[in-house]
Amino acid sequence: MGFLHPLSLLLTLSSSFLLLATLSVSSDQTPKKTYIFRVDRFAKPSIFPTHYHWYTTEFLADPSALLHQYDTVFHGFSASLTPSQASAALRHPSLLAAFDDRRRTLHTTRSPQFLGLRNQRGLWSESDYGSDVIVGVFDTGIWPERRSFSDLNLGPVPARWKGVCQTGVKFTARNCNKKIVGARFFSKGHEAAGGFGAGGGINETVEFLSPRDADGHGTHTASTAAGRYSFQASMSGYAPGIAKGVAPKARLAVYKVCWKNSGCFDSDILEAFDTAVKDGVNVISISIGGGDGISSPYYLDPIAIGAYGAVSRGVFVSSSAGNDGPNAMSVTNLAPWLTTVGAGTIDRNFPADVVLGNGRKLSGVSLYAGEPLRGKMYPIVYPGKTGVLSASLCMENSLDPNMVKGKIVICDRGSNPRVAKGMVVKKAGGVGMILANGESNGEGLVGDAHLIPACAVGSNEGDLIKSYVSSSAVATATINFKGTVLGIKPAPVVASFSGRGPNGLNPEILKPDLIAPGVNILAAWTDAVGPTGLDSDTRKTEFNILSGTSMSAPHVSGAAALLKSSHPDWSPAAIKSAMMTTASVTDNRFRLMSDEATGKASTPYDYGSGHLNLGLAMDPGLVYDITNDDYVSFLCSIGYGPKTIQVITKTPVNCAMKRPVPENLNYPSIAALFSTSTSGKPSSKTFIRTATNVGPLNSVYTARVESPKGVTVTVKPPKLVFSEKVRELMYAVTVTVDSKNLVLDDSGAVYGSLSWLDGKHVVRSPIVVTQINPL
């Protein structure tokens, strides 16, 4: 089946239109809200010595209302205003845009080897483990005492670094070093929204008003990207091995924009982008996305706007694809200048078996490390058979102790945290838990450090266990925990939760861009909370195992640090291209990667260009570079007017008289959209790409095409001849669809590829062909 083209739903603004996103201007009886204002910086009257004076004089009646002033990746300010004050500010003729401050959510070791990194050769040694590169991590802060952040034997901090070590609660200047070169926290937007409780005060038993990490997520992502390499690590015995990040010598700059239990606000995130670029980071890792399941247009998305400002200044930005898979069109962070990363598994697992009283053994996963059941059989019960939804989900206070005491309880996945369900069972007197996936989660499993004996099972296994319980007079079971198992096949597999395409804003740009390890990832952890994150979990652990696209994005951030160190002249687009065109689409069985949710073959809507393969990305042969002007042309092509584009680019732009087409952005993947044909005649589209040779000067590449059934793909010229004088060459790809012979999958698409080969390199671009229903 096809889908409606989202461009038909996109608000296109003329140059005189004032953008106002969900801005309420009713009575002053409503509380103050935080708004972000985009101002035409060139309109400042010369009478004002600074933009601050201009903003506080002409836009704001009360200067104390100003929260942030942006001047690097974005030009404007944020302020906490009543509706009438906001209305007054909106009338200023120099205002380009205004939008509400929104809350965002976090997209919550063996993976370096799995990515193709080896100690004595390849990208690690070629890049000196990323030692000259500074990775900015936008997250919940850092627990600086962890061994992963030691600066032992590191050289001096790069001279270009201009950042600071911001002190605060339980965080001093000594918490920074040659590894953690800078740390800041951003809380003004959070506090203005009442995020720290009445009066803006902070509950110090829950959070630190400093860069210190009270949540654990930021420590985990920072050490995944750039944790030191040298010591044994595990989580309560699980996943033992040598601790290491992807770029072990890269420097870390920490930007705490997210707060425990209360998320992250756009105004603070935008301030972090503004500050990080001024500080001198080379890479930004942001495992944050929209919490509403809806992707805003780029001009309403501060992550897209801030990232554009960073990328336009040479900073690579890696972002998470979101955890709303396997639903179609669930991928987030869609801007083409972002590198959007989905999640895959690695070849390590933590199996556990549910053994039923009838002798049946069913496979699941668990990170439970407490006293085992030792094979003892216990009665098993499913509270969901009563028809009460809260009981089936094991919500707080939903279980009858008389029903579950002394028993293993089946809990359905969903609504409340997986580990919290186990605590509900424990409080009600249960001895263990089986966590059963629903249909939406399929067979996708992640391990959790449960506080009671517990095992997660897929949807099919869950149904079998429930059927056994309902058909047996006396149903019993036990759970056996098997520890850590390596060499799992198949791997990688696309994680069931990983955000999927197509791109909900511009399906001409394939998203996600690629996938990286994001399931059961071992990395450093905070001392502020236990491994489950529950307040009742008093355990302390140096490392924790987490899953999510939050874990996959920092793998790509670390990879970008290595590539930037090895190729300092490469642009963010070139680094992204090197990763995408060398990504793998096969697993360790040499078969097409499968989808964890269905067990079937996955597609580019699931994995983008494929799974990150750093063994090849250092030497990609060819790259597809993209300039700032190219991005502006793309924004013109999707119908944005000059003033709307200026909201993103900060500087005025002009669109060409003849409107370009978005498909011609020099992207490393190709997405061909065709309207459903009524004539039955073949339809064609031609795409232009420019390849830049970054390999041997005198190289000859030949095109190899894999065309899906019902589609013809031709390439002109079919051969690219590079020399010392010819480093860039343009070619055209024509995609012709014969609707009568086209058999689309459930996503309304078919898939092929174009590869350029020179005998050593394979420069591969996926081709997605989609039919859309015209309005």
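The rules behind each value
Residues numbered from 1 in each chain as written. Predicted model: local features only at pLDDT ≥ 70, side-chain atom pairs only at ≥ 80, totals over all residues. Heavy atoms only, no water. UniProt positions renumbered as here; feature names shortened; annotations may be inferred. Pairing = 2+ DSSP bridges. Helix = DSSP H or I, 4+ residues; strand = E, 2+ residues; numbered from the N terminus. Axes fitted to C-alpha atoms, helices over the stretch in contact; angles between N-to-C directions. Contact = heavy atoms within 4.5 Å. Phe/Tyr/Trp six-rings, centres within 6.5 Å; stacked < 30°, edge-to-face > 60°. Buried < 20%, exposed > 50% of the residue type's maximum accessible area, 1.4 Å probe, protein only. Lys NZ or Arg CZ within 6 Å of the ring centre and 35° of its normal. Salt bridge = Lys/Arg side-chain N within 4 Å of Asp/Glu carboxyl O. Expected span 1.5 Å × (residues − 1). Polar contact = N/O pair within 3.5 Å; in protein donor to acceptor, adjacent residues only side chain to side chain. Core = buried A, V, L, I, M, F, W, Y, C linked by side-chain atoms within 4.5 Å. Domains from an automatic or database assignment. Lys, Arg positive; Asp, Glu negative; His and termini not counted. Disulfide = S-S within 2.5 Å.

Per an unreviewed UniProt entry, the recorded name for the protein chain is Subtilisin-like protease, and the organism is Rhododendron simsii. For the protein chain, the Sequence similarities (unreviewed entry) comment in UniProt is given as "Belongs to the peptidase S8 family."

A. Inspection of the sheet that holds strand β17 (residues 339-344) at higher detail. One open sheet holds the seven strands; their spatial order is β8-β11-β7-β14-β16-β17-β27, and the pairing between them is parallel. Strands at the two margins of the open sheet, each flanked by one partner only, are β8 (180-185) and β27 (514-517). If you compare each strand with its neighbour and ignore which way they point, the axes differ by 25 degrees on average. Pairing of strand β7 (residues 134-139) with strand β11 (residues 251-256) involves six bridges; the strand directions are parallel. Counterpart to F138 in the pairing with β11 is Y255. Lying over the sheet, helix α14 (residues 572-581) contacts β16 (316-320), β17 and β27, oriented at roughly 50 degrees with respect to β16.

B. Highlighting the packing of aromatic side chains. Going through the model one piece at a time under the given rule, you end up with 24 aromatic pairs. An angle of 25 degrees between the planes, with centres 5.0 Å apart, marks the rings of F37 and F77 as stacked. Of this pair, F37 sits in strand β2 (residues 33-39) while F77 sits in strand β4 (residues 76-81); the two residues are 40 residues apart in sequence, bridging distant segments of the chain. Each member of the pair, F37 as well as F77, carries the same accessibility label: buried. Taking the centre distance of 6.1 Å and the plane angle of 85 degrees together, the rings of Y701 and F722 count as edge-to-face. In this pair, Y701 is assigned in strand β33 (residues 700-706) and F722 in the loop between β35 (719-721) and β36 (728-737), connecting sequence segments 21 residues apart. In this pair, the class of Y701 matches that of F722, namely buried. Put simply, the rings of Y298, Y299, Y308, W337, Y631, F634 and Y640 pair up and form one aromatic cluster. Across the ring face of F74, the terminal group of R38 is positioned such that the distance to the ring centre comes to 4.7 Å.

C. Quick peek at the pattern of salt bridges. Applying the stated criterion across every chain, the model contains 25 salt bridges. Where D40 meets K643, a salt bridge forms, and the shortest distance between an N and an O atom there is 3.7 Å. Bridged by salt links that share partners, the residues R102, R104, D266 and D301 form one connected network.

D. Representation of α14 in the model. Of all ten residues in α14, ten are buried; the element is thus mostly enclosed. Within the span of α14, buried status applies to P572, A573, A574, I575, K576, S577, A578, M579, M580 and T581.

E. The pairing of strand β21 (residues 378-381), seen in detail. With two bridges connecting them, β21 and strand β25 (residues 476-481) associate as antiparallel partners. The partner of P379 across the bridge, within β25, is T476. Of the strand pairs in this sheet, β21 and strand β22 (residues 408-412) are connected by two bridges, and their pairing is parallel. Bridging from a neighbouring strand, I380 pairs with I408 of β22.

F. Geometry of the pairing of β16. Burial of β16 is extensive: five of the five residues sit out of reach of the surface. The two faces of β16 match: F316, S318 and S320 on one face and V317 and S319 on the other face are all buried. Bridge count for strand β14 (residues 283-286) against β16 is four bridges, and the pairing is parallel. Paired with I286 across the two strands is S319, which belongs to β16. As paired strands, β16 and β17 are joined by three bridges and run parallel to one another. Across the sheet, the residue bridging to S320 is V341, located in β17.

G. The arrangement of helix α13 (residues 549-566) in detail. End to end, α13 covers 26 Å across 18 residues, agreeing with the expected 26 Å (1.5 Å per residue, within 8%). When you tally the buried positions in α13, you get 18 out of 18 residues, the bulk of the element.

H. Representation of the environment of H53 within the structure. Looking at the element boundaries, H53 is found in helix α1 (residues 51-59). In this structure, the C-alpha to C-alpha distance between H53 and P63, residues ten residues apart in sequence, is 9.1 Å. Among the polar contacts listed, one links the side chain of H53 to the side chain of T50, at a separation of 2.5 Å.

I. Structural view of the sheet that holds β36. One open sheet holds the four strands; their spatial order is β30-β32-β36-β34, and the pairing between them is antiparallel. Lying at the two open borders of the sheet, with one neighbouring strand each, are β30 (622-623) and β34 (711-716).

J. Geometry of the nonpolar core. F138, F273, Y298 and W337 are the most contacted members of the largest nonpolar core, which totals 63 residues. Element by element, the count of residues in this core is highest for helix α8 (residues 302-311), at seven residues. Lining this core are residues from two domains, each supplying at least three of them: domain 1 (33-100) and domain 2 (111-346 + 492-618). Once residues within four sequence positions are removed from consideration, F273 is found in contact with V73, F138, I284, I286, P302, I303, G306, A307, A310 and V317.

K. Main features of the side chain of K421. Position of K421 relative to the elements: it lies in helix α11 (residues 418-427). No salt bridge is formed by the buried K421, whose closest oppositely charged neighbour, D412, lies at an N-O distance of 8.0 Å. For K421, the contacting residues outside a window of four places in its chain are L393, C394, C411, D412, R413, G414, N416, M433 and L435.

L. Geometry of the side chain of D412. By the element assignment, D412 lies in strand β22. Not counting residues within four places of it along the chain, the set of residues in contact with D412 comprises Y382, S392, L393, K421, L435, A436 and K466.

M. Region of interest: the environment of G314. Topologically, G314 is positioned in the loop between α8 and β16. Sequence separation between G314 and A573 is 259 residues, and the spatial gap between their C-alpha atoms is 9.0 Å. Not counting chain neighbours up to four residues away, the residues in contact with G314 comprise N282, K564 and P572.

N. Structural detail: the state of the cysteines. Enumeration according to the criterion identifies four disulfides in this entry. Put simply, C394 and C411 are joined by a disulfide, and their sulfur atoms are 2.0 Å apart. Taking the sign of the S-S torsion, about -85 degrees here, the bridge from C394 to C411 comes out left-handed. Note that C394 is positioned in the loop between α9 (389-392) and α10 (401-404) and C411 in strand β22, a separation of 17 residues in sequence. This pair shows no difference in class: C394 is buried, exactly as C411 is.

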